[in-house]
Amino acid sequence: MKVGIIGSGTVGKTLAKGFFKHGYSVMIGARDKNTLLEWSKSKGMGIAAGSFAQVATHGDFLVLAVKGECAKDALALCKESDLRHKLIIDTTNPIDSKRKPVNGVLPFFTDLNLSLMEILQTAYPNTYFVKAFNSVGSDLMVNPVLEHKPSMFICGNHSESKARTAAILDLFGWEVEDMGMMEAARAIEPLCMLWCISGFRNETWKHALKLVR
Ligand SMILES: NC(=O)c1ccc[n+]([C@@H]2O[C@H](COP(=O)([O-])OP(=O)(O)OC[C@H]3O[C@@H](n4cnc5c(N)ncnc54)[C@H](OP(=O)(O)O)[C@@H]3O)[C@@H](O)[C@H]2O)c1
């Protein structure tokens, strides 16, 4: 199983290491792959580094882990044919970097009636976006150790891709809550605001969300 990680920030590196630990062939990408060579040689031993385009070619499926504001730009650096009919696990949040949080509430550049993932899905209708990993900090993304098994809320239009994402989340120690089609990203993306509010207020970042019945 080959995964291509588009994004070299903390999320990209954490998930790259997580997939590698679970036996995947991993390539992580930056706009300039040279910025990753040192990391790839030391902390990311065994994880290949490439450009966004090389990563998109490498992966049977992809993870998108770039600044929300640049998500379209990052995908535009990949060959469209490398994105077609592929699952993209979308970790991004539409955080507006030009504005500061207000009392711990992050500003978004989207509104509640149109999510970032819908914007990406509309731009790439033949790609299978699944929202996941956006509602927790990177430290807890891979096999978190918490009092209870946490929930990961996912959504997307392609059932097979959601099933594939669910299997990955199960491997990574998460209970999967499928919220349906892409429009559910309007609710899932703001969960990152909620997660951060709790972090800012309590000055601790070792928490995750859980749906109980
Ligand atoms: N940090 C967390 O704990 C966390 C948790 C959940 C979700 N998220 C979401 O996950 C995503 C990644 O977060 P992060 O904290 O790992 O990193 P980040 O700082 O938000 O993003 C870094 C990535 O964005 C790319 N980027 C920046 N400007 C760009 C541009 N103009 N064009 C194309 N790509 C550009 C960078 O490219 P280069 O590689 O070339 O530098 C890098 O790969 C974000 O959307 C964030 O909201 C973050």
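You'll find the structure just up there.
Moving on, we get to the nonpolar core. A general trend in soluble globular proteins is that nonpolar side chains are found buried together. Residues Ile5, Leu15, Phe19 and Phe133 are the most contacted members of the largest nonpolar core, which totals 38 residues. Looking at this core, the elements that each hand over two or more residues are β1 (2–6), α1 (10–21), β2 (25–30), β4 (61–64), β5 (87–90), β7 (151–154), α7 (159–171) and α9 (191–202). Among residues more than four places away in sequence, those in contact with Phe133 are Leu15, Ile89, Thr91, Met141, Met152, Leu169, Phe172 and Trp174. The next biggest cluster of nonpolar side chains, apart from the first, holds 27 residues, and it includes Ala71, Cys155, Ala184 and Leu191.

Summed over the entire model, instances satisfying the criterion amount to eleven salt bridges. As a salt-bridge pair, Lys162 and Asp178 come within 3.1 Å of each other at their nearest N and O atoms. Of this pair, Lys162 sits in helix α7 while Asp178 sits in strand β8 (residues 175–178); the two residues are 16 residues apart in sequence, bridging distant segments of the chain. For Lys162, a relative accessible area of 10% corresponds to the buried category.

The subject of this paragraph is the sheet that holds strand β6 (residues 128–131). If you walk across this open sheet you meet the six strands as β3-β2-β1-β4-β5-β6, and the pairing is parallel. Every other strand in the sheet has two partners, leaving β3 (48–51) and β6 as the edge strands with one partner each. Direction aside, neighbouring strands of the sheet carry axes that sit 25° apart on average. Of the pairings in the sheet, the one linking β5 to β6 comprises four bridges and is parallel in character. For Leu87, the partnering residue across the bridge sits in β6 and is Tyr128. Across the face of the sheet, α1 comes into contact with β1, β2 and β4 while running at roughly 170° to β2. Set on the sheet, helix α6 (residues 116–123) makes contact with β4, β5 and β6; between it and β6 the angle comes to about 170°.

A positive phi angle, near 50°, is found at Asn103, a position not held by glycine. Secondary-structure assignment places Asn103 in the loop between β5 and α6.

Tallying each qualifying case throughout the model produces zero disulfides. Not part of a disulfide, Cys70 finds its nearest cysteine sulfur in Cys78, a span of 13 Å. Exposure remark for Cys70: the relative accessible area of 30% places this residue in the partly exposed category. Cysteine Cys155 is unpaired, with the sulfur of Cys192 as its nearest cysteine sulfur at 14 Å.

As a volume, the largest pocket reaches approximately 930 Å³. Lining the largest pocket are 33 residues, with Val11, Ala65, Val66, Lys67 and Gly68 positioned closest to its centre. Elements with a minimum of two residues in the lining of the largest pocket: α1, α4 (71–76) and α9. For the lining of the largest pocket, the element with the highest residue contribution is α9, accounting for three residues. Class assignment of the residues belonging to the lining of the largest pocket gives a composition of 16 nonpolar, 13 polar and four charged.

Regarding α6, the residues found buried are Leu116, Met117, Glu118, Leu120 and Gln121. Packing partners of the buried residues in α6 comprise β4, α4, β5, β6 and α8 (185–188).

To continue, consider the pairing of β2. Most of β2 is tucked away, with five of its six residues classed as buried. Examined bridge by bridge, β1 and β2 share five bridges and lie parallel to one another. Opposite Ile6, over in β2, you have Gly29 as the bridge partner. Assessed by its sense of winding, the connection that carries the chain from β1 through α1 to β2 is right-handed. Note: β2 against β3, four bridges, orientation parallel. Its bridge partner lying in β3, Ile28 is registered against Ala49.

Conventions we followed
- Residues numbered from 1 in each chain as written.
- Predicted model: local features only at pLDDT ≥ 70, side-chain atom pairs only at ≥ 80, totals over all residues.
- Heavy atoms only, no water.
- Core = buried A, V, L, I, M, F, W, Y, C linked by side-chain atoms within 4.5 Å.
- Buried < 20%, exposed > 50% of the residue type's maximum accessible area, 1.4 Å probe, protein only.
- Helix = DSSP H or I, 4+ residues; strand = E, 2+ residues; numbered from the N terminus.
- Contact = heavy atoms within 4.5 Å.
- Salt bridge = Lys/Arg side-chain N within 4 Å of Asp/Glu carboxyl O.
- Pairing = 2+ DSSP bridges.
- Axes fitted to C-alpha atoms, helices over the stretch in contact; angles between N-to-C directions.
- Disulfide = S-S within 2.5 Å.
- 1 Å grid on protein atoms, 1.4 Å probe; cavity = no way out; pocket = protein on both sides within 12 Å on 5 of 7 lines; lining within 4 Å.
- Points joined across faces, edges and corners; volume = space filled by probe spheres on them.
- Nonpolar A, V, L, I, M, F, W, Y, C, P; charged D, E, K, R; others polar.
- Right-handed = clockwise from strand over helix to strand, strands pointing away.

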